[in-house]
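# Summary of structural features
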Amino acid sequence: MKIALLSRNRKLYSSRRLIEAAEARGHVVNVYDVLHCYMNISSMRPQVRYKGEVLDGYDAVIPRIGASVTFYGTAVLRQFEMMGVYPLNESVAISRSRDKLRSLQLLSRKGVGLPVTGFVNKPDDIADVINMVGGAPLVIKLLEGTQGLGVVLAETKKAAESVIEAFMGLKANILIQEFVKEAGGADIRCLVVGDKVIAAMKRQAKAGEFRSNLHRGGSASLIKITPEERSTAVRAAQTMGLNVAGVDLLRSNHGAVVMEVNSSPGLEGIENATGKDIAGIIIDFMAKEIAEGKGKSGQSRTRTRGKG
Ligand code: ADP
């Protein structure tokens, strides 16, 4: 296969591992910085160009698109789709998953377990929303946040009201969420490929912190997940229409709840925690999909899955 890897830096662990795994299997991989790709959007002859060269003859494209470049990155990926190139994750699914609110709404329609979450516009309605999510302590999340930044634990009703009002005053969009205290500062990252969880790890927040992000000093370890957790993670990925996803779960006293579905999951933490060749599994999955004729845009299995 000839594969285009959209990544801003080929030296990043995940990019490096995907290149290694693909080359070890005899595939050709070229890396393109998505911000340096440009497009010719003309009738019947869509092109992606890079430094004067037309990117032609690709079988597959692997998007590793950072949150800060979602708009341009998904436009480039969509252009590859218009050319009939198989996307490991589709542009529409990536856009969907980048919007936390839209993601939760879609997951709720499918009956996937979620922390009780509110979204509100008028300060007058804050008190009712706080009651609705079960009162304090509760979690307030900036819609635009990543890597745990903009996620605040408000211990009391008074603190919650003040923080929510402050964010609203700044015109920031926020989610107000039930605090899953019983998770004990741990979450579970499930790596979904196709219709399987191929690896799972537990991330534990450092002492005095409730956010378990590895970027916030959390530590990773191996975990055995239950069949219910497995099926929740797979359903979450499928609802978003993602072939490859990092699904973050919390163990709540009302079962597994999904916090987030990540469309460009990092491979370093989970390969180290599990010792699995996850990059290899991803490349093998992609080769199989293409061999089964799911390679052409418009025929992909995920295309009909996630509506909305
Ligand atoms: P980000 O996308 O910025 O990583 P998350 O929504 O994943 O933000 O939250 C960051 C971390 O905070 C999670 O990994 C989890 O450990 C903790 N957390 C988030 N929401 C809740 C919640 N409702 N209850 C308990 N812990 C939470």
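Keep in mind that this is a model prediction, so the values were computed, not measured.

## Description of the domain arrangement of the protein chain
- Domains assigned within the protein chain are domain 1 (2–97), domain 2 (116–179) and domain 3 (182–303).
- Each of domain 1 and domain 3 was reduced to a C-alpha centroid, and the two centroids are 22 Å apart.
- Both sides together, the interface formed by domain 1 and domain 3 hides about 2,400 Å², and carbon and sulfur atoms give 54% of it.
- Area buried by domain 1 at its contact with domain 3 is led by Y13, Y86 and E90, which between them contribute 26% of it.
- On the surface where domain 1 and domain 3 come into contact, there are four salt bridges.
- For R25, the salt bridge is made with D277, and the minimal N-O distance between the two is 3.6 Å.
- The leading source of residues in the side of domain 1 that touches domain 3 is helix 1 (residues 13–24), at six residues.
- Taken together, the residues of the side of domain 1 that touches domain 3 break down into 15 nonpolar, five polar and seven charged.

## A short note on the site of the ligand
- Around the ligand, a shell composed of 19 residues is seen, among which K141, G148, E178, N213 and E260 lie nearest.
- Contacts to the ligand include K100, whose side-chain N or O atom sits 3.2 Å from an oxygen atom.
- Here a nitrogen atom of the ligand and a side-chain polar atom of Q177 are 3.1 Å apart.
- Protein chains bury 96% of the 540 Å² of accessible surface belonging to the ligand in isolation.

## Structural notes on unusual backbone geometry
- Cis rather than trans, the peptide bond between A136 and P137 has omega equal to -5°.
- With phi around 70°, M44 is a residue other than glycine that occupies positive phi space.
- Counting through the fold element by element, M44 comes out in the loop between strand 3 (37–40) and strand 4 (47–50).
- On the accessibility criterion, M44 (77% relative accessible area) is exposed.
- Of note, the phi angle at K171 is positive, near 60°, even though the residue is not glycine.
- Counting through the fold element by element, K171 comes out in the loop between helix 6 (157–169) and strand 11 (174–178).

Reading the values: the criteria
Every chain is numbered independently, its residues counted from 1 as its sequence is written. Confidence filtering applies because this is a predicted model: local features only for residues at pLDDT of at least 70, side-chain atom pairs given and counted only at 80 or more, and all residues used for totals across whole chains, interfaces and linings. Side-chain figures throughout are based on the complete set of non-hydrogen atoms in the structure, without hydrogens or water. Domain ranges listed in this record stem from an automatic or a database domain assignment. Buried area: the accessible area, evaluated with a 1.4 Å probe, that two parts lose upon being put together, summed over both parts. Think of a salt bridge as a Lys or Arg side-chain nitrogen and an Asp or Glu carboxyl oxygen that are within 4 Å of each other. A helix here means a DSSP run of H or I that spans at least four residues, while a strand means a run of E at least two residues long, and both kinds are numbered starting from the N terminus. Under the convention adopted here, Pro, Cys and the residues Ala, Val, Leu, Ile, Met, Phe, Trp and Tyr are nonpolar, Asp, Glu, Lys and Arg are charged, and Gly plus all remaining residues are polar. Near is defined per residue: the residue qualifies when any heavy atom it owns lies within 4 Å of the molecule or strand. Whenever a nitrogen or oxygen atom comes within 3.5 Å of another N or O atom, the pair is scored as a polar contact, on the condition that within protein one atom can donate a hydrogen and the other can accept it, and that pairs from neighbouring residues in sequence are kept only if both atoms are in side chains. Where accessible areas are quoted, they stem from the Shrake-Rupley method and a 1.4 Å probe; at the residue level, only the protein chains shown are allowed to cover. Think of it in three bands: residues with accessible area under 20% of the maximum for their type are buried, residues over 50% are exposed, and the middle band is partly exposed, with areas taken using a 1.4 Å probe on protein chains only.

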